Amino acid sequence: MSIFSRLGFGDIVLSPLSPSAAENNSLTLTCTNSGDESDTLFIWKRVMRNESAYNIIGLINASCNAVLQPVDTNEYEYGCPSRKQYTWTIKKVTRENEGDKYQCTVDSPGANNSNEVKISVQIPITSVELITPTSSIVTVMEKTETEFKCKTSGGLPEATVTWYKNNGTSSQPGDEVAIYALISSSSVTVNGLKEVTSILRYLLSRNENGFTVYCKASNTAGQTPIISTRKPQLNIQYPPGFPHIIDFIDGVEYRVIENTQGQLSCKISGGNPLPTLAWDCYNSGTLVATSGDTVANNHTWVAKRGKDKICHCRSFHYSGSKSVSINIKVLYPPVIPTFIIHGTVVSGTISVIKNNGFSVNCSSSSNPIPTYIWTSLDIYNRSGSTLNVNNIQGESRYTCEVQNTMNPTTGVNVTSSNSSYFDVQMLYAPSIPTFNYWNANGHSIPTRSLDVIKDDTFKVACISDGKPSPAYYWDNHGNNRILTITRIESDKTSSVCKATNTMKETVGQTLTRSASAVLTINVLYPPSVITLMYENGHILTTTLKVREGTPFKITCSSNSNPPSFYNWTGTVSSTSAVLNVNKAMKSHAGTSTCNVENVMLRTFANPEIQKTVRISKRLDLTILYPPRIGDLSNISVVEDSPLNVLCPVTVGNPPQTTFEWLREGRVWTTTQQLTIDAVSRSDAMFYTCKVTNTMQATGEKAVSFDVTNSFYLNVWYSAKVQNFYIYGNEGKSYVVKNEHDRVVFICVVDSNPGSNMSLTYSREVLETKNNVKQLTHVVGSTKCTMNGEYKCIGYNQYNNEFSHQTIDLFINCSPRPSPFVILRDTVSSAQHIPAVLTFTTLAYPETALEFKWYRWYKNVWQQVSNSKEFQIDTLNLQTNLTIKYVNRTYYGAYQLQVRNSIGSYTQLFYLRSEDIPESPRDFRHLCEQLGETSITVQWIPGLDNGPRQTFVLRYRKGLDKNWREIEISDEGQDIMNYTVSSLISGTQYEVVLYARNKVGTSSQSNVLRIKTERSSECEINSRLNESTLAIVVGCVLGIVIILLACYAGYITLLLKRKIDGNVQNEVQLAIRNGAPMYANISNLAIEGREQDLADMPNSMPPRLNSDDVTEYMTLDEQLRENIETYNNINVNG
């Protein structure tokens, strides 16, 4: 047994077992047979990496010759070193050979295939690039995983990538350290080469700050590893330590005397990047210095009183900020002391009420706090900041002295002092006043009583003592020591003088003390103001208003000393102070006057002993009464016309009158004239003029008196459809009914006078009535074709345009062919183009319509769906089946099933091949229409066989070589006539006819020879050919027999074309009448189409049960397509 057999191989071994070669070098494979059988043929096989089966690339016989198929010597060489060993050399290995597999077989009894070997092509990589990160410096926080990514150029086999870090230069081996962190690799094949991407995920520490990171790669033995050109440097960030203030611990006190310099220094070490240091202290100078990894900040300032502060030294770093603090205390000497009594600062002289005391505090600001010493006339060196003094009986001066000693953190102690003083003043209350006549030095008035008369002038002085000096107040005469009364006007029984002072201590009590005395004064005065009081207590001024027919009473009064006498004069009079009237009349309107008189006697010495005064007051008396209204008549106007009606009013007293036009119990306008710019139908009603004046008698509430009169306004207006509905479906403009339901249309119109009403559907008037306001129309049994819009119209002589409302009525019905669209159940199509079968249904509801297409194939109906052969497009009520690429196998029958919630319908279609048109038949000359310069021919068109056909009429003079051609369109007539004009009289012409379409040309008709002149034999001449005249005569009997045989088919075709023509005429008539109509041809037999169906490649389906064939065609389709009419087969069930 060979060594390969012991290793698990058979007798045939292909070596080397893992062949590899550099690109563009050769590679030799050796096939060795260790068996005893004689070798007859070595077979070399190869399967490329993208293939799945081996291909034979060489057959070498025992004579070392290639047999059966040649060897591609451009690519391979073969050799035969021994009888049992053959070689196969690949001359030039390329990257395309990567993964190719080889195998050899020996064609000898019992021999097997060799082992399989796979070719490995070696293509060294040319570069490796570090692609992530992209920056030359990688900044990252310590203990953070960072991703590095290297990518090699393409090579074979896949390259190996290793990672390194270096704290100096890579040229010094001692600085380079391999990295064995989390490394992953992946490769992609580009143009047959492996591109390797290696990803290093590395957790960095601060000890690696400043290192560079790079990668190396190689993929072949002996290749010097390639180093990435980019070697980003690591910038490892980490936090610093804590800051500290030199010579001080955190939070201690630092003392400094004011106006001297303070100085502090703060330091911090470590961190990348280095932190920054800042003082939060005084706005003075700082000096920052850096030494290695240590940062220092020196802060100096001049101390100022009251600027104590906690200063902070703060470090700032990306990792966060840290701080330490120190408490600054500024020392300063005592300021000049101030004096405080009960919280109030006092100075100079302070006031204290007699018999009261006080407590005063001496205050001075200093750091540290001072000591206090008091001195005065009766006090010596009393210590403490507070001095207490009781029961003041006189005035004195008090002095306070302050002192302190300052001890700074650095330097010597300093002692300082200061002092201040204040004076005390005593306060007391006023005495009871006395009175002196005219001034303070005048005669005393011992009885405190004085008689005066109105308009007298006099003075009185008030006298009192106090500290502070009192102020004087005479009641009703203000703050004045002297009471001065000039032309006294009212009775003054007494006048009081009050002497007042306010004893306000500088700090403490504020006491107001008063002393007063009364002076009695008696004044005489005449009547001055007359008061007229109405019986209800109302005070009258100059006017009294009384409603006609009511009683009234007025009382006249005036204030005087002594009392007065009264009487009334004018339109109403009285001898007393009271004027009393039982019934007010219009004649009482006018003026009445109240007269008042009194006599005064003085009681003191004066030139006049007696004085008489007379006064009076006028009163205007007004009598109040209501307005009245004249006659009003009824009015008729046309809608949108203006209306102006003036209310005929005679005013009352007062003449101020309010106008109200009322309608439906509500106020319409508040003017005397009723105006409507454009009268509407809603304005038709009664209108009432209401006039009102308001009589407000004096002392009473206002009383309104109303007077009314009315007229009726009749409005003529145009008709308007108010309500149009189907009974049972009120308020709905969209109604769905079932087929054969009974439907009642109800239309209501608002109009004055009555309306002309009509109900229309499409363009048909269903019902009309005149001079009514309601129209009812009954449909006994609905049909599917009744879907659509129904319109109710109303109008009268006042309408500028019709008023209308519409209802959309939809009838539930099962699917059926739409009578408004042509149905083509037979479609002709050439091969290798698409063909389309189209069906449009009439059905409701239209939603959830289901269309299913079937094809008669291999004697069964097979459902058709969207595929590479067929495409089904359905939109709303139409569905199309497109045969994408017609060939003979697709000709045949197709079936469509349409279904909705009401029912279903089945339609049969036929697809047949396109062909050249049939030859025109019965081509003849119409002798009766022969003219001197024209001839008329007639023929029966044949089938167009799918594509649109035209007829070509050719004619020439008898001896001419050139033919003239006329193209005549097939317009679908059963029999076609054509007149050729502008011919030469008395000349014989030859005329022929054929048909053509896009597929080809039909055979040519017989030649007609016609002479442009009338002849009794023209009929015979036009039918006979000179060269065939004898044959025609000899074959008359045969022709008759043939015609009899064809009679039935000819009559059937003629009948069909005749009916088609009638359909076209009906359609044209319908179109001229403005409605899309359809023609219905009934009772046409399905027989006669068997041959068409037999010509189709697929066997036909069983015949469906059908009673008739219905054909639909619109004129628009007739003109557009101009092809034969297609039949629509209605299949029951």
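Let's shift gears to the nonpolar core. One finds Leu14, Cys31, Trp44, Tyr76, Trp88 and Tyr102 to be the most contacted residues of the largest nonpolar core, which totals 25 residues. At the level of secondary structure, the elements contributing two or more residues to this core comprise strand S1 (12–15), strand S3 (27–33), strand S4 (41–47), strand S5 (55–61), strand S7 (85–90) and strand S8 (101–106). Dropping the residues within four chain positions of it, Leu14 is found in contact with Leu29, Thr30, Cys31, Trp44, Tyr102, Gln103, Cys104, Ser114, Asn115 and Val117. Listed in part, the 23 residues of the second largest apolar core include Val827, Leu837, Leu877 and Ile883.

Scanning all chains against the criterion turns up 32 salt bridges. The partner of Arg95 in a salt bridge is Glu23, with the nearest N and O atoms 2.9 Å apart. Here Glu23 lies in the loop between strand S2 (20–22) and S3 and Arg95 lies in the loop between S7 and S8, a separation of 72 residues in the sequence. The class for Arg95 is partly exposed, based on a relative accessible area of 25%. A salt bridge links Glu253 to Arg255; the shortest N-O distance between them is 3.5 Å. Glu253 gets classed as partly exposed once you look at its relative accessible area, which sits at 38%. The exposure class assigned to Arg255 is partly exposed, which follows from its relative accessible area of 26%. Through salt bridges with shared partners, one network takes in Glu639, Arg681 and Asp750.

Looking at the chain as a whole, the pLDDT averages 83, with 87% of positions reaching at least 70. Least confident of the elements in the chain is strand S85 (residues 1128–1131), whose mean pLDDT is 28; most confident is strand S74 (residues 878–883), at 96. For the stretch residues 1019–1133, pLDDT sits under 50, and the model shows 168 contacts to residues farther than four places along the chain or on other chains.

Next up on the list: unusual backbone geometry. Geometrically, the link from Asn272 to Pro273 is a cis peptide bond, its omega value of -5° lying close to zero. Relative to the elements of secondary structure, Pro273 occurs in the loop between strand S23 (261–269) and strand S24 (276–280). With a phi close to 75°, Trp438 is a non-glycine residue in the positive phi region. The residue Trp438 is located in the loop between strand S38 (434–437) and strand S39 (449–451) in this model. Judged by its relative accessible area of 40%, Trp438 is partly exposed. Although it is not a glycine, Ser762 sits at a positive phi angle of roughly 55°. Take Ser762: it is sitting in the loop between strand S64 (755–761) and strand S65 (764–772).

Below, the discussion takes up the sheet that holds strand S13 (residues 145–152). The strands that make up a sheet are held in pairs by hydrogen bonds between backbone atoms, and each pair lies either parallel or antiparallel. If you trace the four strands from one edge of the open sheet to the other, you get S11-S13-S17-S16, paired in antiparallel fashion. Whereas interior strands pair on both sides, the edge strands pair on one side only; in this sheet they are strand S11 (128–132) and strand S16 (182–190). Shown here is a sheet whose adjacent strand axes are inclined to one another by a mean of 25°, direction ignored. Relative to strand S17 (residues 193–203), S16 runs antiparallel, the two sharing nine bridges. Directly across from Thr189, in S17, lies its bridge partner Lys194.

Burial runs high along strand S70 (residues 835–844): eight of the ten residues are buried. Bridge count between strand S68 (residues 803–817) and S70: three bridges; the pairing is antiparallel. Looking at the pairing, Arg816 lines up with Leu842 of S70. Two strands pair when backbone bridges link them, and S70 and S74 are joined in this way by six bridges, in the antiparallel orientation. Bridge pairing in S74 places Val836 opposite Thr882.

Glancing now at the state of the cysteines. All chains considered together, the criterion is met by eleven disulfides. A sulfur-sulfur distance of 1.9 Å marks the disulfide that ties Cys64 to Cys80. Taking the sign of the S-S torsion, 90° for the link of Cys64 and Cys80, the bridge is right-handed. Of the two residues, Cys64 sits in the loop between S5 and strand S6 (76–82) while Cys80 sits in strand S6, which places them 16 residues apart along the sequence. A relative accessible area of 25% means that Cys80 is categorised as partly exposed. Linked covalently through their sulfurs, Cys462 and Cys497 form a disulfide whose S-S length is 2.0 Å. As the torsion about the S-S bond is roughly -105°, the Cys462-Cys497 disulfide counts as left-handed.

Here we come to the sheet that holds S38. The strand order S38-S40-S42 describes an open sheet built from three strands, whose pairing is antiparallel. In this open sheet, the two strands that pair with only one neighbour each are S38 and strand S42 (482–485). Averaged over all neighbouring strand pairs, the angle between strand axes comes to 25°, with direction disregarded. Relative to S42, strand S40 (residues 458–463) runs antiparallel, the two sharing four bridges. From the neighbouring strand, Phe458 faces S42, where its bridge partner is Ile485.

A word on the side chain of Asp970. Among the secondary structure elements, Asp970 is positioned in the loop between strand S80 (964–969) and strand S81 (976–980). Residue class for Asp970 comes out buried when judged on its relative accessible area of 7%. A polar contact is formed between the side chain of Asp970 and the backbone nitrogen of Gly972, at a distance of 3.0 Å.

Relative to the helices and strands, Arg513 is located in strand S44 (residues 510–522). Sequence-wise, Arg513 and Pro430 are 83 residues apart; in three dimensions their C-alpha atoms are separated by 6.9 Å. In this view, Arg513 contacts Ala429, Pro430, Ala499, Thr500, Asn501 and Met503; residues no more than four positions away in its chain are not counted.

Right, let's talk about the environment of Trp374 for a bit. Inspection of the secondary structure assignment puts Trp374 in strand S33 (residues 371–376). The spacing of Trp374 and Tyr421 is 47 residues in sequence and 9.4 Å in space, taken between C-alpha atoms.

Conventions used here
Residues numbered from 1 in each chain as written. Predicted model: local features only at pLDDT ≥ 70, side-chain atom pairs only at ≥ 80, totals over all residues. Heavy atoms only, no water. Core = buried A, V, L, I, M, F, W, Y, C linked by side-chain atoms within 4.5 Å. Buried < 20%, exposed > 50% of the residue type's maximum accessible area, 1.4 Å probe, protein only. Helix = DSSP H or I, 4+ residues; strand = E, 2+ residues; numbered from the N terminus. Contact = heavy atoms within 4.5 Å. Salt bridge = Lys/Arg side-chain N within 4 Å of Asp/Glu carboxyl O. pLDDT = per-residue confidence, 0-100. Pairing = 2+ DSSP bridges. Axes fitted to C-alpha atoms, helices over the stretch in contact; angles between N-to-C directions. Disulfide = S-S within 2.5 Å. Polar contact = N/O pair within 3.5 Å; in protein donor to acceptor, adjacent residues only side chain to side chain.

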